[in-house]
Amino acid sequence: MKGTSKAQPVAELPFTGKVALVTGAASGLGRATALAFGRAGACVVVADTAIDGGHATAAMIVESGGKALFVRSDIARSGDVAALIEKTINYYGRLDFAVNNAGVDEEAAPLADGEEEQYDRIMGANVKGVWLCMKLQLRQMLKQGGGAIVNVSSVSGLVGAPNRAIYAASKHAVVGLTRSAAAEYAREGIRINALCPGAVKTPHMARAAEEGQLEAPAPMGRFAEAAEVANAALWLCSEQASYVNGHELVVDGGFTAV
Ligand SMILES: NC(=O)c1ccc[n+]([C@@H]2O[C@H](COP(=O)([O-])OP(=O)(O)OC[C@H]3O[C@@H](n4cnc5c(N)ncnc54)[C@H](O)[C@@H]3O)[C@@H](O)[C@H]2O)c1
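Below or above, wherever it landed, is the structure these notes cover. (Residues numbered from 1 in each chain as written. Predicted model: local features only at pLDDT ≥ 70, side-chain atom pairs only at ≥ 80, totals over all residues. Heavy atoms only, no water.)

The environment of the ligand is formed by 25 residues, the closest being Ser-27, Asp-48, Asn-101, Tyr-167 and Val-200. One nitrogen or oxygen atom from the side chain of Ser-27 is found 2.5 Å from an oxygen atom belonging to the ligand. A distance of 2.6 Å separates an oxygen atom of the ligand from a polar side-chain atom of Tyr-167. Coverage of the ligand by the protein chains reaches 83% of its 830 Å² of free accessible surface. Among the elements of the structure, helix 1 (28-39) and helix 5 (165-184) are those that each provide at least two residues to the shell around the ligand. (Near = heavy atom within 4 Å. Polar contact = N/O pair within 3.5 Å; in protein donor to acceptor, adjacent residues only side chain to side chain. Areas by Shrake-Rupley, 256 points an atom, 1.4 Å probe, with all protein chains shown as cover. Helix = DSSP H or I, 4+ residues; strand = E, 2+ residues; numbered from the N terminus.)

Spelled out as structure tokens, the structure:
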């Protein structure tokens, strides 16, 4: 009937009222994950050392109608991580989900040629950084009575990576941190999982492929889009994954299956 039609209620987004923290969100996989959380209705804390990229990610979320805060932080420094969690709570009042994604890769080289400085840099970001972040995220989640953490490992956290042994060791360590903490906090309403992507189409990967230095991985014969991996991170945080804990979710197009 004319004049009586009412607007349909807008369906609530799955993460409305939730707060998600994504480290390394100035670029690549972290940015795609932060944008996906924003689209799903969460308030997003974008953490990174890269100031321009971090602000850009937060601006993208806000422009598409979401809520976001950029906090410059180096996850390998305990003072920065403490300030990151404090700002998150001061600004949004809680922390429901954390995706510990920030990490660094290494130039390919045989193990015997590795440098101590490179070892410290990779372990500092990929292992100490994830440990520091989890530690303070868990303290907040314990106060709230629940939460979900996703640590970004890699297929190199499950199998060896010739000529990238330090990176592979660091990503195996992320799996060890994840499994141990998952068991420790399972009765506190906190689920902790690892995500193990194969080769993701980041600008760096795409350039290497264009220059013929890298072949698209088998068996699918293509790289993952960052959004395809981000979807898995959000699923691990969601209620759909309520009994998934201490798991390594492989998103590699079948690379480690053969
Ligand atoms: N790209 C891939 O193919 C692939 C595959 C498997 C796993 N991963 C993992 O996914 C994660 C994201 O990778 P990406 O390809 O999107 O990389 P990327 O280089 O595009 O993004 C990583 C981000 O982390 C930030 N970062 C690095 N060290 C930091 C620190 N100490 N503190 C705060 N921020 C820091 C960087 O500034 C950057 O913005 C990494 O942990 C990586 O090991 C990537």
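With the rule as written, the count across this model stands at four aromatic pairs. An angle of 55° between the planes, with centres 4.8 Å apart, marks the rings of Phe-15 and Phe-97 as tilted. With Phe-15 in the segment before strand 1 (19-23) and Phe-97 in strand 4 (residues 97-100), this residue pair connects regions lying 82 residues apart in the sequence. Taken individually, Phe-15 and Phe-97 each receive the classification buried, so the pair is uniform in this respect. Each ring, one from Tyr-91 and one from Tyr-92, has its centre 4.9 Å from the other, and the planes form 90°; the classification is edge-to-face. (Phe/Tyr/Trp six-rings, centres within 6.5 Å; stacked < 30°, edge-to-face > 60°. Buried < 20%, exposed > 50% of the residue type's maximum accessible area, 1.4 Å probe, protein only.)

On their own, these measurements won't tell you what the molecule is for.
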